[in-house]
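# Remarks on the overall topology
Take a look at the letters that make up each chain.
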Amino acid sequence: MALSQLTVTPAAEKFMRRIVRFSGLPAGAGFRLLVSAGGCSGYSTEFNAEAAPQADDEVFKVGEGLQLFLPAESRLLLEGATLDFIDTPMQSGLSVRSPVASSCGCSSAGSAEPIPAAASVPMSALLRR
């Protein structure tokens, strides 16, 4: 399935570029995003920098040369969605907002706010060279 509509905010693009840049991978590497259904926000995300797309990934160009690798399940869930990066004192990470996501049914969640994905980046990758 081809993805016809995905909005990537400038903040999300900047975050993805940094992950790829500091990964130590050669030129042509990209940002692989796996999105699956689950959690109170409606989505669970995993991501990492990859040297090349995997067999079922479709490659999307974001901005000036950033490659976004999306597997089939992710493309389906991201149709019409907005990918953003949230950085507040309470949370920091990628956030997916979708017009088709359903609200959480648990009583503790008033409104289903997007929950950002956690990133694990080694400190050595952030050192200036």
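Residues numbered from 1 in each chain as written. Predicted model: local features only at pLDDT ≥ 70, side-chain atom pairs only at ≥ 80, totals over all residues. Heavy atoms only, no water.

Given two aromatic rings, one states the distance between the centres and the angle between the planes to describe the pair. On inspection of all chains with the given rule, the structure shows four aromatic pairs. Measuring from centroid to centroid gives 5.5 Å for Phe 15 and Phe 47, while their planes differ by 85°, and the two rings are edge-to-face. With Phe 15 in helix α1 (residues 10-21) and Phe 47 in strand β3 (residues 43-50), the pair connects residues that are 32 residues apart, well separated along the chain. Across the pair, exposure class does not vary: Phe 15 and Phe 47 are buried alike. A cation sits over an aromatic face here: Arg 21 above Phe 22, 5.2 Å from the ring centre. (Phe/Tyr/Trp six-rings, centres within 6.5 Å; stacked < 30°, edge-to-face > 60°. Helix = DSSP H or I, 4+ residues; strand = E, 2+ residues; numbered from the N terminus. Buried < 20%, exposed > 50% of the residue type's maximum accessible area, 1.4 Å probe, protein only. Lys NZ or Arg CZ within 6 Å of the ring centre and 35° of its normal.)

What follows is about the sheet that holds strand β7 (residues 92-97). The strands that make up a sheet are held in pairs by hydrogen bonds between backbone atoms, and each pair lies either parallel or antiparallel. Pairing is mixed across the open sheet formed by three strands, whose spatial order is β1-β6-β7. Of all the strands in the sheet, the pair left with one neighbour each is β1 (6-8) and β7. Across this sheet, the average inter-strand angle for adjacent strands is 20°, counted without regard to direction. Across three bridges, β1 lies against strand β6 (residues 81-87) in parallel orientation. In the strand pairing of β6, Val 8 is matched with Leu 83. Lying over the sheet, α1 contacts β1, β6 and β7, oriented at roughly 70° with respect to β6. (Pairing = 2+ DSSP bridges. Axes fitted to C-alpha atoms, helices over the stretch in contact; angles between N-to-C directions. Contact = heavy atoms within 4.5 Å.)

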